[in-house]
Amino acid sequence: QVLEGLGIRPSHRMCNLTYCTFVIGVNALVLGTLALVDLFWPWPRRPLPVVYQAIEESKLIVFLGSNLLTGLTNLVLQPLVLPSTVALSYLSLYSFLFSMPLAYLHERGKVLKLA
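Just so it is clear, the model here is predicted, and its values are computed rather than measured.

Looking at the overall build of the protein chain
Part 1: Broken down by element type, the protein chain carries five helices and zero strands.
Part 2: Relative to its 115 residues, the protein chain shows a buried fraction of 11%.
Part 3: Carbon and sulfur atoms form 69% of the exposed surface of the protein chain, whose accessible area is close to 9800 Å².

Observations concerning a nonpolar patch on the surface
Part 1: Together, Phe 22, Val 26, Val 30, Leu 31 and Leu 34 give the surface a local cluster of nonpolar side chains, amounting to about 490 Å² of exposed area.
Part 2: In this fold, Val 26 is placed in helix α2 (residues 17–40).
Part 3: For Val 26, a relative accessible area of 36% gives the class partly exposed.

Quick notes on the side chain of Ser 99
Part 1: Within the secondary structure, Ser 99 sits in helix α5 (residues 84–107).
Part 2: In terms of polar contacts, Ser 99 uses its side chain to reach the backbone carbonyl oxygen of Ser 95, at 2.9 Å.

Focus on the environment of Lys 110
Part 1: Position of Lys 110 relative to the elements: it lies in the segment after α5.
Part 2: Between the C-alpha atoms of Lys 110 and Glu 57, which are 53 residues apart in sequence, the distance is 9.4 Å.

Examining the packing of aromatic side chains
Part 1: Evaluation of the coordinates by the stated rule reveals one aromatic pair.
Part 2: Between the aromatic rings of Trp 41 and Trp 43, the centroid separation amounts to 5.1 Å while the plane-to-plane angle is 70°, which identifies the pairing as edge-to-face.
Part 3: By relative accessible area, which is 49% here, Trp 41 ends up partly exposed.
Part 4: For Trp 43, a relative accessible area of 56% translates into the label exposed.

Quick look at the environment of Ser 89
Part 1: The topology assignment puts Ser 89 in helix α5.
Part 2: Ser 89 sits in the partly exposed class, given a relative accessible area of 48%.
Part 3: Within the structure, the side chain of Ser 89 is placed 2.8 Å from the backbone oxygen of Thr 85, a separation counted as a polar contact.

Remarks on α5
Part 1: Here α5 contains 24 residues, and its C-alpha end-to-end distance of 34 Å stays within 8% of the 34 Å for a straight helix at 1.5 Å per residue.
Part 2: Residues Ala 87, Tyr 94, Ser 99, Leu 102, Ala 103 and His 106 constitute the buried set of α5.

A closer look at empty space enclosed by the protein
Part 1: A full pass over the atoms with the stated rule returns one cavity of 30 Å³ or more.
Part 2: If you add up the space inside the largest cavity, you get close to 50 Å³.
Part 3: The wall of the largest cavity is formed by Ala 54, Glu 57, Ser 58, Leu 102, Leu 105, His 106, Lys 110, Val 111 and Leu 112.
Part 4: Among the elements of the structure, α3 (50–57) and α5 are those that each provide at least two residues to the lining of the largest cavity.
Part 5: Split by residue class, the lining of the largest cavity holds five nonpolar, two polar and two charged.

About the criteria used
- Residues numbered from 1 in each chain as written.
- Predicted model: local features only at pLDDT ≥ 70, side-chain atom pairs only at ≥ 80, totals over all residues.
- Heavy atoms only, no water.
- Helix = DSSP H or I, 4+ residues; strand = E, 2+ residues; numbered from the N terminus.
- Buried < 20%, exposed > 50% of the residue type's maximum accessible area, 1.4 Å probe, protein only.
- Areas by Shrake-Rupley, 256 points an atom, 1.4 Å probe, with all protein chains shown as cover.
- Patch = residues over 30% accessible without salt bridge, like charges linked within 9 Å, V, L, I, M, F, W, Y side chains within 5 Å.
- Salt bridge = Lys/Arg side-chain N within 4 Å of Asp/Glu carboxyl O.
- Polar contact = N/O pair within 3.5 Å; in protein donor to acceptor, adjacent residues only side chain to side chain.
- Phe/Tyr/Trp six-rings, centres within 6.5 Å; stacked < 30°, edge-to-face > 60°.
- Expected span 1.5 Å × (residues − 1).
- 1 Å grid on protein atoms, 1.4 Å probe; cavity = no way out; pocket = protein on both sides within 12 Å on 5 of 7 lines; lining within 4 Å.
- Points joined across faces, edges and corners; volume = space filled by probe spheres on them.
- Nonpolar A, V, L, I, M, F, W, Y, C, P; charged D, E, K, R; others polar.

If you want it as structure tokens, here you go:
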């Protein structure tokens with residue numbers, strides 16, 4: 001509201017200072033609220049699912065592999081031009097095929113790391 005008082009209106013089209021400040025403020029508020037809830041939550045945490053544990057242990061390989069696989073999927077299948085149900089089916093299969101080898105390797109005690 002301070003910047004609006006100066007005549008600078010928020011505009012997501014222009015991505016100006018007011019809009020960036022607004023987005024950063026909203027995100028900071030949400031993250032702060034979630035951090036407070038997480039900090040003072042009275043019940044013990046449940047263990048993470050196996051797939052999440054596998055992703056946590058091999059973050060860099062998962063990040064690089066998922067970026068490459070996402071690019072390949074977008075080039076080959078072009079999910080934006082497919083009907084919604086077909087695109088959702090392909091992307092669900094993509095998620096399953098990417099996460100299952102990670103879960104399998106995690107269960108065997110293997111961690112994927114770059115040397």
